[in-house]
Amino acid sequence: MSMDKLIPDCPYPGCFFCVMKEGNPNKRRASIMKFFRELPSQDDDGQVLPISGLWNTAMAHPNDPEFIELGIFECMAALIWKGLKNRRWLSHDQNIYIPYYAAHIIGSYTMNMEDFAETAVNAGVIPPLVELLRGRLTWVEQRVAVRALGHLATYASTFPTVASHGEILELCIQLAMSSLEIVYSHFYQNTDRRLSYHCDLLTRGMGGVEMESRKAEEWASQLQCWSLQLINCFAFKPEFLSTICKPEFLVKLPGMWGGLVNENSPAGIGLLRTICHHKFGRGPVSSCPGVIEALCNIARSSDDWQYMAIDCLLWLLQDPNTFHKVIEKAAPAVLDLAEISTLGDHKKLGDSILNVLQECIQSHGTGRNSVSNRTKEDVEEILHSRERFKWEKSMPKEDLHIKQAAALVVKLEGNSLFSSGNISGAASKYSEALALCPVRSKKERVVLYSNRAQCYLLLQQPLGAISDATRALCLHNPVNRHAKSLWRRAQAYDMLGLAKESLLDAILFINECSQSTDPDLSSRQNKVPDYAERLVKKQMRAAWLFREAAIKHGGIDCEADVGDVYGQGSDDSEWETASESDAGNDGRKEMSNNDGEWINDEGITDKNEKHSTRGTAFTISYPY
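Residues numbered from 1 in each chain as written. Predicted model: local features only at pLDDT ≥ 70, side-chain atom pairs only at ≥ 80, totals over all residues. Heavy atoms only, no water.

The protein chain carries the name ARM repeat N-terminal plant domain-containing protein in an unreviewed UniProt entry, which gives Centaurea solstitialis as its organism.

Laid out in structure tokens, this is it:
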């Protein structure tokens, strides 16, 4: 990288770092421009050092226009082409790192500024990035190439140029479906055959095999999420939906959660929302029953993506061409959410849900594709509760107090039946109490729904438990923050084998425990119950990012636990039944909660203490 010597004391005359120290702005700009122009044609050692320095600058100051104006994009594009065409140069010294850094620099400088993206496109960065996306080098370069292309596709002025390379969309769809398997089979599985430069990039030379593996999971997740983000840019254009909406791809989308490390990613559910926003996308989605079922589960979840699934279901219900395909699955899910008032930026969400369902019944009340009587009855029940709320506004306070007292008496009868082991009788009493309890008494209705959810768990009716726990969480203030209901729904999802949904609820339950001001929990050294930690460990193994790939490639047996992959000991290989009380407590310990209710925090003993389904035991929290 020979250049005119600028600083006599520098041991590397004419190096890029000397150029950056030039005090005269005009000379500095001229030297940088010359450096960018000449670097791709040089074969000197040590070229990776200035490139890595440029990468650090791009990451730290992505909106700085100086290097953009001086030709950095042309330089990076040329370096990628050189690495693709000249394998001798690529394998020399540390040049193997350069295409990775070059693509990363392009992505960083185009992620915020549209005019930078236009400059990059005009500099010819897309063709070499497409070659990296095709896998001409390795998955590591694919990761940064799809990131850069995703940024370029975000802007209206540069999307057409990206889209003109027709293979990009197909490549991204394949990459979204296969990225986890690629990283598992090419890196994670064979620790003794990992490329050294991959290991260095993943951990910056400061990690062992386990650290490399953990980082590989994160990068694999990013590779998938950035592929989805790029596909999402295409999905806004109807002309690309026929390519995207292939059944083999749609059925996988609900499961593409990106692990738990990409909070800002649209994930598969975000892409589904974009697809369902257009009539050409709703038809294919409605024809995939597994996708509708997954949307219902996500809609009930207490996750940042919840509103996306709700939007999908409501659009599918409002479309006369898809309504009849989804109504029987979607209606129960959205009805459970009809008590939500506000969810994020969504105001009066429950009212919107009811309005959509009312319109559906009115439009499709009769005929071949009419709504089932069960769905009509469920909708009428919710509408009736709304009418009750209006009536209650005009009722004398004394009458409301009488209704509250009657509901409390019935609830206590239910608690007594529960304690004696008559779970079915207790569930009936809680239903009776809900019919009596004033609609405006939200705190009490949260308790009743949550208690009935516990009954359904013991009766091995997980769908009923999920429905009631969801209704309790919707009524609670703040929404989705009722600890007992989170825990009960986590167990119900576990009974159905829905590991990710169970994991999210269990994590939220632990968060509520850790933030609790309850005096009983505050007195414990560890606020997080052991049984919750065990469930989280179990579900993290079941929802492991590489689980499907590991089963396919013989890393684990499909019926075996994946604890060995994580280096877990045998003590963590299964989720043990646990009491909700401390092991040292003798007898039942009662405490008062924030609502003034007396609750018993121990599990039911004797014959009702342990219940399991499909070989999985779960804990019982006593009604309150």
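**Q** Report on the overall build of the protein chain, specifying residues and quantitative values.
**A** Scanning the protein chain from N- to C-terminus turns up 33 helices and six strands. Summed over all atoms, the accessible surface of the protein chain reaches about 27700 Å², with 49% contributed by carbon and sulfur. (Helix = DSSP H or I, 4+ residues; strand = E, 2+ residues; numbered from the N terminus. Areas by Shrake-Rupley, 256 points an atom, 1.4 Å probe, with all protein chains shown as cover.)

**Q** Would you mind going over the nonpolar core in detail, with residue names and values included?
**A** Grouped together as the largest cluster of nonpolar side chains are 148 residues, with contacts concentrated most on Leu 295 and Leu 317. The element that contributes the greatest number of residues to this core is helix H12 (residues 167-188), accounting for 12 residues. Among the nonpolar cores identified, the runner-up in size contains 17 residues, and Ile 423, Tyr 430, Leu 448 and Cys 455 belong to it. (Core = buried A, V, L, I, M, F, W, Y, C linked by side-chain atoms within 4.5 Å. Buried < 20%, exposed > 50% of the residue type's maximum accessible area, 1.4 Å probe, protein only.)

**Q** Give me the lowdown on the packing of aromatic side chains, citing residues and values where you can.
**A** If you walk through the whole model with that rule in mind, you get 23 aromatic pairs. On the numbers, 5.7 Å between centres and 85 degrees between planes, the contact of Phe 36 with Phe 67 is edge-to-face. Of this pair, Phe 36 sits in helix H2 (residues 25-38) while Phe 67 sits in helix H4 (residues 66-69); the two residues are 31 residues apart in sequence, bridging distant segments of the chain. Exposure class is identical for Phe 36 and Phe 67. Each is buried. Residues Phe 159 and Phe 234 carry aromatic rings whose centres are separated by 5.1 Å and whose planes lie at 65 degrees to one another, so their mutual orientation is edge-to-face. Taken together, the residues span a long stretch of sequence, with Phe 159 in helix H11 (residues 159-164) and Phe 234 in helix H14 (residues 209-235) at a distance of 75 residues. Taken as a pair, Phe 159 and Phe 234 share a single burial class, namely buried. The rings of Trp 55, Tyr 97, Tyr 100, Tyr 101, Trp 139, Phe 187, Tyr 197 and Trp 219 are connected pair by pair, giving a single aromatic cluster. Looking at Arg 143, its charged tip hangs above the ring of Trp 219, at a distance of 3.7 Å from the centre. Its guanidinium or amino end placed over the ring of Phe 389, Arg 440 lies 5.9 Å from that ring's centre, counting from NZ or CZ. (Phe/Tyr/Trp six-rings, centres within 6.5 Å; stacked < 30°, edge-to-face > 60°. Lys NZ or Arg CZ within 6 Å of the ring centre and 35° of its normal.)

**Q** I'd like a description of the pattern of salt bridges, backed by residues and values.
**A** When the charged atoms of two side chains with opposite charge come close together, those side chains can pair. Overall, the coordinates contain 27 salt bridges when judged by the stated rule. Between Glu 131 and Arg 134 there is a salt bridge; the shortest N-O distance is 3.1 Å. Here Arg 471 and Asp 336 are joined by a salt bridge, their closest N and O atoms 3.0 Å apart. Taken together, the residues span a long stretch of sequence, with Arg 471 in helix H27 (residues 462-475) and Asp 336 in the loop between helix H21 (323-335) and strand S1 (342-343) at a distance of 135 residues. We note that Arg 471, like Asp 336, is buried. Within the structure, one salt-bridge network assembled from shared partners comprises Glu 131, Arg 134, Arg 136 and Glu 167. (Salt bridge = Lys/Arg side-chain N within 4 Å of Asp/Glu carboxyl O.)

**Q** Could you give me a rundown of the environment of Arg 471, with the residues and numbers involved?
**A** Relative accessible area serves as the criterion here: at 14%, Arg 471 is assigned to the buried category. Note: C-alpha distance between Arg 471 and Leu 335 (136 residues apart in sequence) is 8.8 Å. If sequence neighbours within four positions are ignored, Arg 471 has contacts with Leu 335, Asp 336, Ile 382 and Tyr 449. (Contact = heavy atoms within 4.5 Å.)

**Q** Residues and numbers for unusual backbone geometry, please.
**A** The omega torsion across Asn 477 and Pro 478 is 0 degrees, close enough to zero to call that bond cis. Topologically, Pro 478 is positioned in the loop between H27 and helix H28 (483-495). Unlike most non-glycine residues, Asn 480 shows phi in positive territory, near 65 degrees. Its location among the elements puts Asn 480 in the loop between H27 and H28.

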